[in-house]
Each structure stands twice: as structure tokens, then as C-alpha cells.
Amino acid sequence: MTQQPNTVDLLLDLDETIFRQVADWKSPILDGTLPSLSEIASYSRIWIGVSLGLTAFGGAKGRRSAVLGMAAIGVTSALTNIALKGVTNRKRPQREVPAARRLVHPESTSFPSGHTASAAAFSGVVGREMPGLWLPLNALAGLVGFSRIYTGVHYPGDVLAGWLVGKLVAAMVRWVSRRFRRLQPATVQP
């Protein structure tokens, strides 16, 4: 009697199949841009830069959004890089991508993608607080996530899980912020 594969095995096989499809793509434009984007996203440098811009030029709403976005990154980073990566043991993909776009494989486990989680958390908070930035921030966050697959350091499932974690943390940070603002006494205007 043949044993049927379970759902987890099927999802892992699908994940590896999609990864191999992406690894086989050939695009000089993506090869020249996505590795750099992925490296710049390390340590949340992109989001720190956006926060500095919002702080300098976004007025009170920009400053509040920047603080909330960075808070979301802090919570997300702790959750993904300490808690979740600490309990998972998924190895990173083998180096199947062309050499021109390979990154040095991080020492941590692969699941979930911390870069993607931070990008999703920041774009989830700031994009909601400042709706005019929703599309560009989420597009950039999506590119960061895709760059992690394209450069061979994450499987698509790692990126999807990171995206979901980041968006959930963003919703939580916004909820806490709204509750906190309601508790603050009203400011008396002269």
C-alpha cells in the first residue's frame, strides 16, 4: 500500500518547485538591481531612510508614522529573528541561482524571511497612516520580498510567511496606537 504525501510535504514540494522556476529566470535588469536592493534592505536601512524622510518632511503625521513604523519593525524583528527562527530548522535553499545574483547565505534558518517581515510591517503601518504612500511602500516591500527569493536566500514560503507576520504585527501596532491615542487627554488649543 502506497502512503499518500501529507499536506506539509506537498507544500514544501511546491515551494521548492517555485524556487527552482525563479532560480532559472534570466534577467540582466533584475540581476543588476535585486541583489543590491536585498543588501540595502538589511538591518532595515531602507525603512530607516524612509522614516528619516518622514520625520524631516512629513510634519506631525509623518513623525508619528515613522515612530510607529520603526516600532513595528522592532516587534517584527524580535518575533521573526528570535522567536520563529529559533523554533524552525528550515535550511536555506541550495545555491541554485546564477553567481551574478547570489548573496552570502545568512547563518540563520530560512523560515520566515525577516527582511520581508520587516518590510511588510513598516509598509503596513506607514501605508495605512499615510495613504498616499501605501502603493509605493507596499510595492517596495514586495520587491524586497521577491529579491530574497531571486537572490537564492529564501524559498517563496519563507517570504509569504514573513509577509503575513509583518502585516499582522502592523495591524497590532496600529490597533495599540489607536487605543493609546484615545486614552490621551485632549490637548487644549489656545
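These numbers come from a predicted model, not from an experiment.

Asks: A description of the packing of helix 5 (residues 114-129) against helix 6 (residues 134-150) should follow, citing residues and the corresponding values.
Replies: When two helices pack together, their arrangement is captured by the angle between the axes and the distance separating the axes. Relative to each other, helix 5 and helix 6 sit at 175 degrees, their axes nearing to 9 Å. Overall, the two elements helix 5 and helix 6 adopt an arrangement that is roughly antiparallel. Contacts from His115, Thr116, Ala119, Ala120, Phe122, Ser123, Val126, Gly127 and Arg128 of helix 5 reach helix 6 at Trp134, Leu137, Asn138, Ala141, Val144, Gly145 and Arg148. Within the contact of helix 5 with helix 6, the residues separate by chemical class into 8 nonpolar, 6 polar and 2 charged.

Asks: Describe the nonpolar core, with residues and values.
Replies: Counting residues in hydrophobic clusters, the biggest one holds 23 residues, and the most contacted among them are Phe19, Ile46, Trp47, Phe122 and Val144. Taken together, the elements giving at least two residues each to this core come down to helix 1 (7-23), helix 2 (28-40), helix 3 (45-57), helix 4 (59-87), helix 5 and helix 6. Among the elements that take part in this core, helix 6 stands out by supplying 5 residues, more than any other. Discounting residues that sit within four places of it in the chain, Trp47 has contacts with Met70, Ile73, Ser118, Ala119, Phe122, Leu137, Leu140, Ala141 and Val144. Ala72, Ala121, Val165 and Val173 belong to the second largest nonpolar core, which has 8 residues in total.

Asks: So what's going on with helix 3? Residues and values would help.
Replies: Taking 1.5 Å per residue as the helical rise, helix 3 with its 13 residues ought to reach 18 Å, and the 18 Å between its terminal C-alpha atoms agrees with that figure. Among the residues of helix 3, Ile46, Trp47, Ser51 and Leu54 are the ones counted as buried. When helix 3 is viewed along its axis, its buried side chains cluster within an angular range of 135 degrees and face the same direction. In helix 3, the exposed positions that point more than 90 degrees away from the buried face belong to Leu52, Ala56 and Phe57. On its buried face, helix 3 is in contact with helix 2, helix 4, helix 5 and helix 6. Phi turns positive one or two residues past the end of helix 3, at Gly59, with a value near 65 degrees.

Asks: Help me get a handle on the pattern of salt bridges, residues and values and all.
Replies: Scanning the entire structure with this criterion turns up 6 salt bridges. Among the ionic pairs, Asp15 bridges to Arg90, the shortest N-O distance being 2.8 Å. Of this pair, Asp15 sits in helix 1 while Arg90 sits in the loop between helix 4 and helix 5, placing them 75 residues apart in sequence. The same class applies to Asp15 as to Arg90, namely buried. The salt bridge partner of Asp158 is Arg90, with a shortest N-O separation of 2.9 Å.

Asks: Just give me the short version of helix 4, but keep the residues and values in it.
Replies: The first and last C-alpha atoms of helix 4 sit 41 Å apart over 29 residues, in line with the 42 Å expected at 1.5 Å per residue. For helix 4, the complete set of buried residues consists of Gly62, Ser65, Ala66, Leu68, Gly69, Ala72, Ile73, Thr76, Thr80 and Lys85. For helix 4, the secondary structure elements touched by its buried residues are helix 3, helix 5 and helix 7 (156-183).

Asks: Can you lay out the side chain of Asp15 for me, pointing to particular residues and giving the numbers?
Replies: Here Asp15 falls in the buried class, since its relative accessible area comes to 8%. Asp15 has contacts with Arg90, Tyr155, Pro156, Gly157 and Asp158, leaving out every residue within four places of it along the chain.

Asks: Requested: an account of the packing of aromatic side chains, with residues and values cited.
Replies: Overall, the coordinates contain 4 aromatic pairs when judged by the stated rule. Seen from their ring centres, Trp25 and Phe146 are 5.7 Å apart, and the 35 degrees between their planes marks the pair as tilted. You can see Trp25 sitting in the loop between helix 1 and helix 2 and its partner Phe146 sitting in helix 6, a full 121 residues away along the chain. Looking at Trp25, the relative accessible area reads 40%, which means it is partly exposed. Look at Phe146 and you get partly exposed, because its relative accessible area is 22%. Plain terms: the ring middles of Phe146 and Tyr150 are 5.8 Å apart, the flat faces sit at 35 degrees to each other, and that makes the pair tilted. With Phe146 and Tyr150 both in helix 6 and 4 residues apart, this pair spans about one turn of that helix. On the basis of relative accessibility, which here comes to 0%, the residue Tyr150 falls in the buried class. Taken together, the ring pairs in this structure connect Trp25, Phe146 and Tyr150 into an aromatic cluster.

Definitions and cut-offs
- Residues numbered from 1 in each chain as written.
- Predicted model: local features only at pLDDT ≥ 70, side-chain atom pairs only at ≥ 80, totals over all residues.
- Heavy atoms only, no water.
- Axes fitted to C-alpha atoms, helices over the stretch in contact; angles between N-to-C directions.
- Helix = DSSP H or I, 4+ residues; strand = E, 2+ residues; numbered from the N terminus.
- Parallel < 35°, antiparallel > 145°, perpendicular 65-115°, else oblique.
- Contact = heavy atoms within 4.5 Å.
- Nonpolar A, V, L, I, M, F, W, Y, C, P; charged D, E, K, R; others polar.
- Core = buried A, V, L, I, M, F, W, Y, C linked by side-chain atoms within 4.5 Å.
- Buried < 20%, exposed > 50% of the residue type's maximum accessible area, 1.4 Å probe, protein only.
- Expected span 1.5 Å × (residues − 1).
- Arc of directions from axis to C-beta.
- Salt bridge = Lys/Arg side-chain N within 4 Å of Asp/Glu carboxyl O.
- Phe/Tyr/Trp six-rings, centres within 6.5 Å; stacked < 30°, edge-to-face > 60°.

Remember that the coordinates give geometry; whether it matters functionally is a separate question.
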